[in-house]
Amino acid sequence: MKRTLFFKIFTGYILIILSISSLFLLFSFKSIRENQINLLKDNLENIALSMESRIYQFLKDKNFDGLNSFVKGLGETTGTRITIIDPEGVVLADSEENPELMENHATRPEILNALYGRTGSSLRYSATVKKEMLYVAIPVREEVELIGVIRVSLFLEQIKILLNSIRRDIIWVTIIIIFLSLIGAFLFSRSLTVPIKELVNASSKVADGNYDVKIYLKNKDELWSLAESLNNMIERTKVLITNLSEQKEALDTIISSIHEGLLVLDKKGKILLSNKSFKKICGFENIEGKLYWEVIRDPELGELIRDVEKERTGIIKEIELLGKNYICNASYLSKYEEIVLTFINITEMKGVEKIKKDFVVNVSHELRTPLTAIKGFMETLGESVDKKNRRYVEIVLRHTERLINIVKDLLALSELEESRIKLEVENVNLEKLLKNVITIYENEIKNKKLKFVFESEKKLPAIKGDSYRLEQMFINLIENAIKYTDKGEIRVTLKSENKEVKLEVKDTGVGIAEEHLTRIFERFYVVDKSRSRKLGGTGLGLSIVKHIVLLHKGNIDVKSTPGEGTSFVITLPVST
Ligand code: ADP
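The structure presented is a predicted model; accordingly, all values stated were derived computationally and were not measured.

## Looking at the site of the ligand
(1) Moving on: Around the ligand, the surrounding shell holds 21 residues, and the nearest of these are N480, D507, S532, T538 and L542.
(2) Moving on: K483 has a polar side-chain atom sitting 3.2 Å from an oxygen atom of the ligand.
(3) Moving on: Starting from 520 Å² of accessible surface for the ligand in isolation, the protein chains cover 97%.
(4) Moving on: Placement of the ligand is best described as lying within the second largest pocket.
(5) Moving on: Mapped onto the shell around the ligand, the elements with two or more residues apiece are helix 12 (467-483), helix 15 (541-551) and strand 17 (565-573).
(6) Moving on: Of the residues assigned to the shell around the ligand, the class counts are eleven nonpolar, eight polar and two charged.

Okay, here's the thing in structure tokens:
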């Protein structure tokens, strides 16, 4: 059972009041009784003293009969029992009993004291009258000699009657005090618990989300200060909550109005937040709280989420969901261990891109045959025309060759850019592959008087790749090195490092200025247009190289100093 604070305080007070009252009663009874007995003792002693001279006379005269009747008369008038005892303890006279029948009193404690010359007193049960009595005895002396003892005694019943009436009064007073104290305790407990109750009520209302609460307390005490602080706190919380809900509302509006799909996942893959656009993508409403794979089951998306979680970095990837193409940008919020995904629909863009690509491929295919024909006819024509016209024929031939190269490169690039391109993967020995490519260019190198160095690490591990594409990659790199180097050397090195094969094609050619380095892998990007054209360049070679490297999950890096040379470094993972 839940005990209220009021109950606890009030019962506490009741216990305190009752224990104090009982202690008070106990001690007051005891001390009143002691007081009364002391008073009686004094009275009895006074009575004894007042009769001392008369008794002395009787004792001196040895008039025991007279003494006896005097004692009896006095006992009656004083309402006490009077006994006279000689120094040996023999009872000479008694106001109530026959002295001759009474035993020797010398051993009674009060008599013993009196026999020693002191006032003696004792409270005990009387064997003679069979009642509790209070005795006071004083010595009677002739000069210094003790001639007898006067003992005055009283039945305690009389004190009991007196004490009972006092007790009754005290009990009544105590009951009234207890009653008043209880009323006081009740009022005090209530005055203490009522404001606490108000504080509790107010805080439980706040806990339930009701911030329109104000606590009013009458007494300006500590609880009042607490109530004031609570009022301030509630007020501030209300403002804060209002601001927060306004902000949340604004954020919700912004999120729902975003055209891109938005999805926030916790570390277990549970959906914390999503917007309208995402719900449209997956085709479900009320998806918050569900696991993402219950809503959208897609292996590509699953892999992307797992990768982001594992690497704890953002990843941007193109994925296909339910027949539509999206650019999915997944970011990792390390502070909250959450993943935020945005989905940009690029289906239309993809369509247009495909049309463009198809167009390029179709045009390239269509151009290839007539261009090859033109080249053949121009070569034949060149043999039959005079010297002057041969120059023109040669120019046409050079441009035709360039066009053929562009068409070839465009077709190669389109093929590589195809998202579903399939590599003919096998274990490839790069050293062997490179040696074959080098033989193609031996003559050209000789003609340009260039030095060619090829270094390969012994026992170079094989890599998993498409040998045809890798050959294309080497051809482009070596062709460029020869094209853009007029003197010096071309050095090709192959070595393995940390489960990777590293290929470097280094030349001492014209080099590439810093500002072009990041752009040379773009399609049709050429540094020096006239030079590239003169050398039959298309601006597509490095694009093809980069595509092949990425398809093999490798990496390409370029370093160059104009006038000193260029170095292309490609790393490809070793097959495991
Ligand atoms: P291109 O067919 O014009 O050579 P690439 O895509 O192969 O086209 O190269 C792009 C540009 O990068 C070239 O125009 C050239 O300026 C520069 N380039 C490529 N390789 C080298 C190299 N080894 N030395 C200097 N410049 C180079």
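## Here's the deal with the pairing of strand 9 (residues 324-333)
(1) Moving on: Note: strand 8 (residues 315-321) against strand 9, seven bridges, orientation antiparallel. Following the sheet pairing, L321 is matched in strand 9 by K324.
(2) Moving on: A loop of two residues connects strand 8 with strand 9, the two strands running antiparallel in sequence, and L322 in this loop sits at a positive phi of about 45°.
(3) Moving on: Counting the residues between successive antiparallel strands, the hairpin from strand 9 to strand 10 (residues 338-345) contains four residues, one of them, E337, with a positive phi of roughly 55°.

## Structural notes on the layout of surface pockets
(1) Moving on: Taken as a whole, the second largest pocket holds about 950 Å³ of empty space.
(2) Moving on: In terms of lining residues, the second largest pocket is bounded by 43 residues, among which N476, N480, K483, G541 and L542 are the most central.
(3) Moving on: Elements supplying a minimum of two residues to the lining of the second largest pocket: helix 9 (347-384), helix 10 (387-417), helix 12, strand 15 (500-507), helix 14 (529-534), helix 15 and strand 17.
(4) Moving on: The element best represented in the lining of the second largest pocket is helix 12, accounting for eleven residues.
(5) Moving on: Within the lining of the second largest pocket, the residues separate by chemical class into 19 nonpolar, 13 polar and eleven charged.
(6) Moving on: Both domains that meet at the lining of the second largest pocket, namely domain 3 (350-417) and domain 4 (426-573), each give it at least three residues.

## Focus on a nonpolar patch on the surface
(1) Moving on: Judged by side-chain polarity, I171, W172, I175, I176, F179, L180, I183, F186 and L187 come together as a nonpolar surface patch covering roughly 880 Å² of accessible area.
(2) Moving on: Exposure remark for I176: the relative accessible area of 48% places this residue in the partly exposed category.

## Quick word on the environment of I355
(1) Moving on: Relative to the assigned elements, I355 resides in helix 9.
(2) Moving on: Considered as a pair, I355 and I215 are 140 residues apart in the sequence and their alpha carbons are 72 Å apart.

## Some points on the pattern of salt bridges
(1) Moving on: Inspection of the entire model under this criterion finds 24 salt bridges.
(2) Moving on: The salt bridge partner of E401 is K375, with a shortest N-O separation of 3.8 Å. With E401 in helix 10 and K375 in helix 9, the pair connects residues that are 26 residues apart, well separated along the chain.
(3) Moving on: The partly exposed category is assigned to E401, whose relative accessible area is 36%.
(4) Moving on: Overall, K375 belongs to the partly exposed group, its relative accessible area being 25%.
(5) Moving on: For the salt bridge of R491 with E489, the shortest nitrogen-to-oxygen distance reads 3.1 Å.

Definitions and cut-offs
- Residues numbered from 1 in each chain as written.
- Predicted model: local features only at pLDDT ≥ 70, side-chain atom pairs only at ≥ 80, totals over all residues.
- Heavy atoms only, no water.
- Near = heavy atom within 4 Å.
- Polar contact = N/O pair within 3.5 Å; in protein donor to acceptor, adjacent residues only side chain to side chain.
- Areas by Shrake-Rupley, 256 points an atom, 1.4 Å probe, with all protein chains shown as cover.
- 1 Å grid on protein atoms, 1.4 Å probe; cavity = no way out; pocket = protein on both sides within 12 Å on 5 of 7 lines; lining within 4 Å.
- Sits in = over half its atoms within 2 Å of the grid points.
- Helix = DSSP H or I, 4+ residues; strand = E, 2+ residues; numbered from the N terminus.
- Nonpolar A, V, L, I, M, F, W, Y, C, P; charged D, E, K, R; others polar.
- Pairing = 2+ DSSP bridges.
- Points joined across faces, edges and corners; volume = space filled by probe spheres on them.
- Domains from an automatic or database assignment.
- Patch = residues over 30% accessible without salt bridge, like charges linked within 9 Å, V, L, I, M, F, W, Y side chains within 5 Å.
- Salt bridge = Lys/Arg side-chain N within 4 Å of Asp/Glu carboxyl O.
- Buried < 20%, exposed > 50% of the residue type's maximum accessible area, 1.4 Å probe, protein only.

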